[in-house]
Amino acid sequence: MKVNIHQSWKIHLQEEFDKPYFKDLAAFIKEQYSNNQCFPPGNQIFNAFEHCHFNDVKVVIIGQDPYHDVGQANGLCFSVNDGVKHPPSLVNIFKEVENDLGIKYPKSGNLLRWADQGVLLLNATLTVRAHSAGSHQGKGWELFTDEVIKVISNLKTEVVFLLWGSYAKHKIHLIDLNKHHILKSGHPSPLSANRGLWFGNKHFSKTNYLLEQALEKPVCW
């Protein structure tokens, strides 16, 4: 696996690439992509970092692992490619944006437009085997993405972390709460949203308020 990650991240993460766990992970990913259908495409594994450079990070959204059906995953958590039917969690995200900010529900589920504004859309696991959710968990990705969170926490200030659901909330110990902002809610999946744990969290307007207080440009959600 070639680590095709933007230079702004590489200078902070190079030590990780040289560690034994990452070399084992790279060998595993190479084998999986050679012998199975896996997502996202190999050249999009580090897409979140390519479109949201380290110096630009002002919001972090943490997902679990990529969508595992054909044509969906593009390297950004919760995002799908243009023309792909919106998965239920993404539908609920867009509904909350609409309810919170009055922004019309979009046709495209591609969240590159968020990433390009400084929103890091980080899955804890960056790859998955087709039609097999969680199939690449526990192979080393989580060690790497935890380090990404720690690097952001240590080297930046006033970043807004959006922790949706119990999995993302477990990452709170990686974040310096004296330097950054945490917004927590239930997951946007129907299971959580239908129990009243997602809708009405107003995370999008709250995020923009916090960014403006930090003299940062708000996100055009």
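Starting afresh in each chain, residues are numbered from 1 along the sequence in its written order. Reporting of local features is limited, given that this is a predicted model, to residues whose pLDDT is at least 70; pairs of side-chain atoms are given and counted only at 80 or more, and all residues count toward the totals for whole chains, interfaces and linings. Excluding hydrogens and water, the side-chain figures rest on all heavy atoms present in the structure.

Peer 1: Hey, could you run me through helix H4 (residues 88–101) in this one?
Peer 2: An α-helical turn contains 3.6 residues, so a residue and the one three or four places further along point in the same direction. With 14 residues, H4 should reach 20 Å at 1.5 Å per residue; the first-to-last C-alpha distance of 20 Å fits that figure. Each residue is assigned to one of three classes by its accessible area relative to the maximum for its type, calculated with a 1.4 Å probe on protein chains only: buried under 20%, partly exposed between the two thresholds, exposed over 50%. Helix and strand assignments follow DSSP, with helices taken as H or I runs no shorter than four residues and strands as E runs no shorter than two, numbered in order from the N terminus. Of all the positions in H4, only Ser89, Leu90, Asn92, Ile93, Phe94, Glu96, Val97 and Asp100 are classed as buried. Looking at the residues trailing H4, positive phi occurs at Gly102, about 75°. The span expected for a helix works out to 1.5 Å for each residue beyond the first.

Peer 1: It is not clear to me how the nonpolar core should be interpreted in this structure. Could you clarify?
Peer 2: What tends to happen in soluble globular proteins is that the nonpolar side chains get buried as a cluster. The biggest cluster of nonpolar side chains holds 61 residues, and the ones touching the most others in it are Phe49, Trp114, Leu120 and Phe144. Ranked by the residues each element gives to this core, the list is headed by helix H6 (residues 141–155), at six residues. Residues in contact with Phe144, not counting those within four places in the same chain, are Ile5, Leu13, Glu16, Phe17, Tyr21, Phe22, Phe46, Phe49 and Leu126. For the purposes of this section, nonpolar cores are sets of buried Ala, Val, Leu, Ile, Met, Phe, Trp, Tyr and Cys residues that join through side-chain atoms within 4.5 Å. A contact between two residues is defined here by any heavy atoms of the two lying within 4.5 Å.

Peer 1: Explain the sheet that holds strand E6 (residues 181–185) here, please?
Peer 2: In any sheet, the strands associate via hydrogen bonds between backbone groups, in a parallel or an antiparallel arrangement. The pairing criterion is simple: DSSP has to find at least two bridges between the two strands. A sheet is described by the order of its strands in space; here four strands give the open sequence E3-E2-E5-E6, paired in parallel fashion. Of all the strands in the sheet, just strand E3 (119–123) and E6 have a single pairing partner and so form its edges. Averaged over neighbouring strand pairs, the angle between their axes works out to 20° when direction is ignored. To get an axis, a line is fitted to the C-alpha atoms, and for a helix only the part in contact is used. The angle between two axes follows their N-to-C directions and goes from 0 to 180 degrees.

Peer 1: Help me understand the packing of H4 against helix H9 (residues 203–213) in this model?
Peer 2: Packing of H4 against H9 brings their axes to within 8 Å, and their N-to-C directions diverge by 65°. Across the interface between the two elements, Ile93, Glu96, Val97, Asp100 and Leu101 from H4 touch His203, Phe204 and Ser205 from H9. In this count, Pro and Cys sit with the nonpolar residues alongside Ala, Val, Leu, Ile, Met, Phe, Trp and Tyr, while Asp, Glu, Lys and Arg are called charged and the others, Gly among them, polar. Residue composition of the contact of H4 with H9, grouped by class: four nonpolar, two polar and two charged.

Peer 1: Sorry, what's going on with the environment of Glu147 here?
Peer 2: One can find Glu147 in helix H6. Setting aside its immediate chain neighbours within four residues, Glu147 contacts Leu13 and Glu16.

Peer 1: What's the story with the side chain of Asn208 in this structure? I'm lost.
Peer 2: In this fold, Asn208 is placed in helix H9. When neighbours within four sequence positions are excluded, Asn208 is seen to be in contact with Pro218, Val219 and Trp221.

Peer 1: Which parts of the structure should I look at to understand the environment of Leu163?
Peer 2: With respect to the secondary-structure elements, Leu163 resides in strand E5 (residues 160–164). Considered as a pair, Leu163 and Ile62 are 101 residues apart in the sequence and their alpha carbons are 6.3 Å apart. With residues up to four places along the chain from it excluded, the contact list for Leu163 reads Ile62, Ala168, Lys169, Ile172, Ile182, Leu183, Lys184 and Ser185.

Peer 1: Help me out: how do you make sense of the pairing of E5 in this one?
Peer 2: The two faces of a sheet get side chains in turn, since along a regular strand they alternate between them. Here E5 lies mainly inside the structure; five of its five residues are buried. Here E5 shows no split at all, with Val160, Leu162 and Trp164 on one side and Phe161 and Leu163 on the other all buried. Across three bridges, strand E2 (residues 59–63) lies against E5 in parallel orientation. Across the sheet, Val59 pairs through a bridge with Val160, a residue of E5. Bridge count for E5 against E6 is five bridges, and the pairing is parallel. Looking across to E6, one finds that Leu162 is bridged to Leu183.

Peer 1: Would you explain the pairing of E2 in this entry?
Peer 2: Across the five residues that make up E2, a large majority, five, are buried. Along E2, one buried face is formed by Val59, Ile61 and Gly63 and the opposite face, lined by Val60 and Ile62, is buried too. Pairing geometry for E2 and E3, over five bridges, is parallel. Along E3, the bridge assignment pairs Gly63 with Asn123.

Peer 1: Can you walk me through the packing of aromatic side chains in this structure?
Peer 2: For any two aromatic rings, the description comes down to two numbers: the centre-to-centre distance and the angle of the planes. Two aromatic rings from Phe, Tyr or Trp, using only the six-membered ring of Trp, form a pair when their centres are within 6.5 Å; if the ring planes differ by under 30 degrees the pair is stacked, by over 60 it is edge-to-face, and anything between is tilted. The final tally for this structure, using the stated rule, is 20 aromatic pairs. Between Trp114 and Phe204 the ring centres are 6.1 Å apart and the planes differ by 55°, which places this aromatic pair in the tilted class. A residue pair is termed long-range when its members are at least 10 positions apart, and Trp114 in helix H5 (residues 112–115) and Phe204 in helix H9 qualify at 90 residues. The exposure class of Phe204 is buried, given its relative accessible area of 0%. With centroids separated by 4.8 Å and ring planes inclined at 80°, the aromatic side chains of Trp164 and Trp198 adopt a geometry described as edge-to-face. Here the residue Trp164 occupies a position in strand E5, and Trp198 occupies one in the loop between helix H8 (190–193) and H9, the gap between them amounting to 34 residues. As far as burial versus exposure is concerned, Trp164 and Trp198 are alike and both buried. One aromatic cluster is present, formed by Trp9, Phe17, Tyr21, Phe22, Phe46, Phe49, Phe54, Trp141 and Phe144 through successive ring pairs. Whether a charge lies above a ring is judged from NZ of Lys or CZ of Arg, which has to be within 6 Å of the ring centre and within 35 degrees of the ring normal. The aromatic ring of Phe54 is capped on one face by Lys156, whose charged end is 5.1 Å from the ring centroid.

These figures come from the coordinates and say nothing about function on their own.
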